[in-house]
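Structure assessment
Chain by chain, the residues:
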Amino acid sequence: MTIALKVNGKSQQVDADPSTPLLYVLRNDLGLHGPKFGCGLGQCVACTVHVNGRATFSCILPIAAVGDREVTTTEGLLENGKPNKVQQAFIDEEAAQCGYCISGMVMRAQALLKMKPHPTEEEIRNHMRPNLCRCGTHAAILRAVRRAATA
Amino acid sequence: MNITFTPSRRDILKGSGALVVAFSLNPPLEALAQDTSAMPPKSVALDQVDTFLAIDDNGKVVVYSGKVDLGTGVRMGMTQIVADELDVPLANVDVIEGDTALTPDQGPTYGSQSIQSGGVQIRQAAATARKALFEEAAKQLNAKPEDLVVAEGVIGSKAGGKTVSYGELIGGKNFTLKVDPAAPLKNPADFKVVGKPIARRDIPGKVTGGFTYMHDFRVDGMLHGSVIRPPALGAKLENVDENSIKGIPGVVKVVRDGNFLGVITETEWSAVRAARELKATWSKSETLPDEKKLWEHVRSTRIVKDDVTSNIGDTTVAMAAEGKKLKATYDFAIHTHGSIGPSCAISEFKDGKLICWSASQATHNLRKQLAQMFSMSPDDVRCVYVDGAGCYGRNGHEDAAADSALLAKAAGKPVRVQWSRADEHGWDPKGPPTLIDLRANLDGSGAITAWESEFFIPQGAAGNVELVAASLSDLPTEHKLAPGGIVQDSQIGYKIPNIKTTCHRLETTPLRPAWIRTPGRMQNSFANESFLDEIAAAANVDPLELRVKYTDPADKRGLEILERLEKLSKWEKRPSPQKNISGNVVKGRGVSYVKYELVRTYVGVVAEVEVDRTNGNIRVTRFYVTHDCGQVINPNGVKAQIEGNIIQTASRTLKEEITFDRGQVTSLDWASYPILTFPEVPEIVIELIDRPTEKPWGAGEPTAALVPSAISNAVFDATGARLRSVPFKPEKVRDALKSV
């Protein structure tokens, strides 16, 4: 069936099984590869996008449930085609090894800093707790979030 | 003829000939540009300069690397090495990796060998090219090579005057030259980019979503596939009810081949749904040992041979002599690679040839395995590396490749297979369980007179890991165990007069084994460096001082590591455990040291921990690291590897353990196989020792070897309780505390 979505500021129509998780539509129908498939269970957070500004697991959210809410991916954070403050902090700190988890990290950090522009170390760590990284890039990611918070 | 190229990664991945053609003037270009199949094969022979690099008319350099960037940054390392050796701008160097049609077989990307072995080969090819370019320039400029200098790829006389560029000298032509092992390397004092923290090029795209991972890569006309796994290892497929997925849109085909059961669909989501919903019945199978009796099982597994990895003096006599006898048994659980992105691959059969895109760390080996599986000539199989999620060893990539190839053959179209989380946790090959017995004898002065150890580890070495799809469908595949180089670091480098280290090689191991970061070296060093700490405590000496005492006085680099570590960590000299242990939460510190495989990278670490004695929780608060991998190519890359080694291994040490029933792995997600999270990440303080005039050694593994022992030693220092079984779960810590 045809479903209307608002993604990164644009209205989109997709033809898909309504049970399809948002992640698959973003990646396969809309060509947005920032959000990643990691578990399909809402456990690793690599698929994180913002839905009306809230960090959301796109791998378990059926498109039929998105409605007219605004979906934002890491691609949608670009400002005039350039990395935004949080993305730039990740780039400056080289906060990626394989980088597969990084889009999810950026989206979750972005949500935190929007709520709380100057979080404490403990607040950063607790907020980022659900995001899994296997390369052990955590230390660099924490540096990036701190940098974005002070930029 | 003026040929330029702008290497588009997508074009390269799709196998477009444009890039290769740019370097082959003979036969004519125009004919070839259209048809890659008519192209003469690019050299991939390890003794040819053209195998490793090509230079176009504009002086742009393409490096062909058999070693691939698994997220480690080695792509930038290779770029720096070649840019410096050839004296060309960094921006003019690009790297193509892991394509069996284009890149040499430099061995799989493992064992901390990418720079140490792969980079060094490429460097020698670049040095040979540079020498040849100087000789050619000398002819053209009517000068002697020794009177010439090069800057930014342009050669001229030291005295000034006419110049000639690399592009003009070789642009688009082959060198047709053997790699000269004697070609002089650049003097490290003249390095411009080697040793500098040059930023990786892939990171901006990874942060903003533009980078193409294997998981993002698409091929025209591609279908999606998924595989329905047996509920137990060895279970036979009895019946399939295709009607059970009638309602799912876009199902193209159910593929049944022996015990292999797959579904091909038009969309990825339909493939996921079909794999979940397809009803199949399987025979009962119980092939795994009782999880609770894993270590009895390992100890009683038939030994097929003993590898005596060191035998110094006579331990039989020395152990029998009077003295203080120590013995202990260590074990290390089964681990999964736990890649955040489950394995993914695309295969296509076309005109009797197979092309397979995957994130395999060993595309040349995969090519041979797929050729064997489908009874094809390896010449008709091409495997192309596309960056994936970190794999840390041989995870499921090759199996996803075999799955996709089997389905692509059935479909007659390209098929992409994306493994599920349960596929990855359940079906990637595992780091095998390791059991280690150690004994030592100390004389009246507390000196170590004898050291004996026995390691119970599966037979085999680094080879090809059996492909799941081939096994299930009963197609040809290798059935040898390939656990990786797991006997290494069973030896110890300390100066003890009598040492015997024996690896009992076991006939089988419960789950298909493979190497996971620091295979064997981690488990073996855990036992060795923890047991050494037990000896220090028994002798009532400071554990860092003990390591200094038993290090060869001629090994200056080793001693410097320990000396610097003492300063960096503000080490307080005293025996462990600390005196006056009181309060619920107690703090301690532990040291560990290795000269990796006794021949390369030196690392020393100190771990600081807090142990909550009421519940057994361990918090690793800080790690200090001193690290000497010789010549550092990119310090940021090395530091990232060290941090990754520590955090990943802290996770493995504290938390990780595969669970299984008699049929299959049961820890199939992140809830049942938890890993370290942000609040638990230690602070990491690194001191890199850069030795620009020494050989570059690996940094991807060595630090990891020390993490379990450093934590065990720190917990002992804090509490007096010795942890000898990884993972250090709270219940094990509580048990150990009871025995204090």
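Not measured: the values here are computed from a predicted model.

**A few points about the overall build of chain A**
Tallying secondary structure elements over chain A gives 5 helices and 5 strands in all. In chain A, the succession of helices and strands from N to C terminus is β-β-α-β-β-β-α-α-α-α. Compactness check: chain A gives a C-alpha radius of gyration of 15 Å against a globular reference of 15 Å for 151 residues, within 12% of the reference. Taken across its 151 residues, chain A has 58% of its residues classed as buried. Put simply, 58% of the contacts in chain A that link residues at least 6 apart link residues at least 24 apart.

**Quick notes on the sheet that holds strand S20 (residues 499-506) of chain B**
Residue and element names in this part refer to chain B. Reading across from one edge, S12-S20-S19-S18-S13-S25 is the order of the 6 strands in this open sheet, with mixed pairing throughout. Two strands close off the open sheet at either side, each with one partner strand: strand S12 (303-312) and strand S25 (725-726). Sheet topology places strand S18 (residues 434-442) next to strand S19 (residues 448-458); 8 bridges connect them, and they run antiparallel. By the bridge assignment for S19, Ala-440 is matched with Trp-451.

**What to know about the nonpolar core**
Formed by 257 residues in total, the largest nonpolar core has its most connected members in Phe-90 of chain A together with Leu-53, Val-63, Val-82, Ala-402, Ile-711 and Val-715 of chain B. Residues in contact with Val-715 of chain B, not counting those within four places in the same chain, are Gly-588, Val-609, Val-611, Ile-618, Ala-721, Leu-723 and Phe-728 of chain B.

**Section: the confidence of the model for chain B**
Fine structural detail should not be taken from predicted coordinates in areas where pLDDT scores are low. For chain B, the average pLDDT comes to 94, and 95% of its residues sit at 70 or higher. Low pLDDT, under 50, characterises residues 1-38 of chain B; the predicted model gives this stretch 57 contacts beyond four residues in sequence or across chains.

**Things to note about the interface of chain A and chain B**
Taken together, the contact pairs 47 residues of chain A with 46 residues of chain B. At the level of elements, helix H1 (22-29), helix H2 (85-92), helix H3 (102-115), helix H4 (121-128) and helix H5 (138-150) of chain A are the ones that each hand at least two residues to the side of chain A that touches chain B. In terms of residue class, the side of chain A that touches chain B is built from 23 nonpolar, 17 polar and 7 charged.

**Looking at unusual backbone geometry**
Residues and elements named next belong to chain B. Residues Ser-576 and Pro-577 are joined by a peptide bond in cis, for which omega reads 0°. Inspection of the secondary structure assignment puts Pro-577 in the loop between helix H18 (556-568) and strand S21 (585-595). Note that the residue after Val-726, namely Pro-727, is joined by a cis bond; omega there is 5°. On the secondary structure map, Pro-727 appears in the loop between S25 and helix H21 (730-738).

**What to know about the sheet that holds strand S6 (residues 163-165) of chain B**
All names here are of chain B. Across the sheet, which stays open at both edges, the 3 strands sit in the order S4-S5-S6 with antiparallel pairing between neighbours. Of all the strands in the sheet, just strand S4 (148-151) and S6 have a single pairing partner and so form its edges. Across this sheet, the average inter-strand angle for adjacent strands is 25°, counted without regard to direction. Where strand S5 (residues 154-157) lies against S6, 3 bridges are found, and the strand directions are antiparallel. Residue pairing in the sheet places Ile-155 in a bridge with Val-164 of S6. Relative to S5, helix H6 (residues 114-141) is tilted by about 50°, and along the sheet it contacts S4, S5 and S6.

**Some thoughts on the pairing of strand S15 (residues 353-358) of chain B**
All names here are of chain B. Taking burial as the measure, the 6 residues of S15 include 5 buried ones, the bulk of the element. The hairpin turn running from strand S14 (residues 344-350) into S15, its antiparallel successor, is 2 residues long, and Asp-351 in that turn takes a positive phi close to 50°. The pairing of S15 with strand S16 (residues 381-385) spans 5 bridges and is classified as parallel. Counterpart to Ser-358 in the pairing with S16 is Tyr-385.

**Remarks on the packing of helix H19 (residues 635-654) of chain B against helix H20 (residues 707-719) of chain B**
All names here are of chain B. One way to put it is that H19 packs onto H20 with a least axis distance of 9 Å and a crossing angle of 60°. Considering their axes alone, H19 and H20 lie oblique with respect to each other. Where H19 crosses over H20, the two elements pack in a sense that is right-handed. Contacts from Ile-646, Thr-649, Ala-650 and Thr-653 in H19 reach Val-707, Pro-708 and Ile-711 in H20. Counted by class, the contact of H19 with H20 contains 5 nonpolar, 2 polar and no charged residues.

**Observations concerning helix H16 (residues 521-539) of chain B**
All names here are of chain B. The end-to-end C-alpha separation of H16 is 26 Å, in line with the 27 Å expected for 19 residues at 1.5 Å each. Buried residues dominate H16, accounting for 18 of its 19 residues. Just past H16, the residue Asn-540 takes up positive phi, approximately 55°.

**Some details on the pairing of S19 of chain B**
Residues and elements named next belong to chain B. Most of S19 sits out of view: 9 of its 11 residues are buried. Between the end of S18 and the start of S19, which pair antiparallel, lie 5 residues, with Gly-446 showing a positive phi angle near 90°. With 8 bridges joining them, S19 and S20 adopt parallel strand pairing. Residue Glu-452 lies in a different strand from S20, and its bridge partner there is Lys-500.

Criteria and thresholds
- Residues numbered from 1 in each chain as written.
- Chains lettered and ligands numbered in written order.
- Predicted model: local features only at pLDDT ≥ 70, side-chain atom pairs only at ≥ 80, totals over all residues.
- Helix = DSSP H or I, 4+ residues; strand = E, 2+ residues; numbered from the N terminus.
- Rg over C-alpha atoms; globule rule 2.2 N^0.38 Å.
- Buried ≥ 20, exposed ≤ 12 C-beta atoms within 10 Å, placed from the backbone.
- Contact = placed C-beta atoms within 7 Å.
- Pairing = 2+ DSSP bridges.
- Core = buried A, V, L, I, M, F, W, Y, C linked by C-beta atoms within 7 Å.
- pLDDT = per-residue confidence, 0-100.
- Nonpolar A, V, L, I, M, F, W, Y, C, P; charged D, E, K, R; others polar.
- Axes fitted to C-alpha atoms, helices over the stretch in contact; angles between N-to-C directions.
- Parallel < 35°, antiparallel > 145°, perpendicular 65-115°, else oblique.
- Left-handed = near helix turned anticlockwise from the far one by under 90°.
- Expected span 1.5 Å × (residues − 1).

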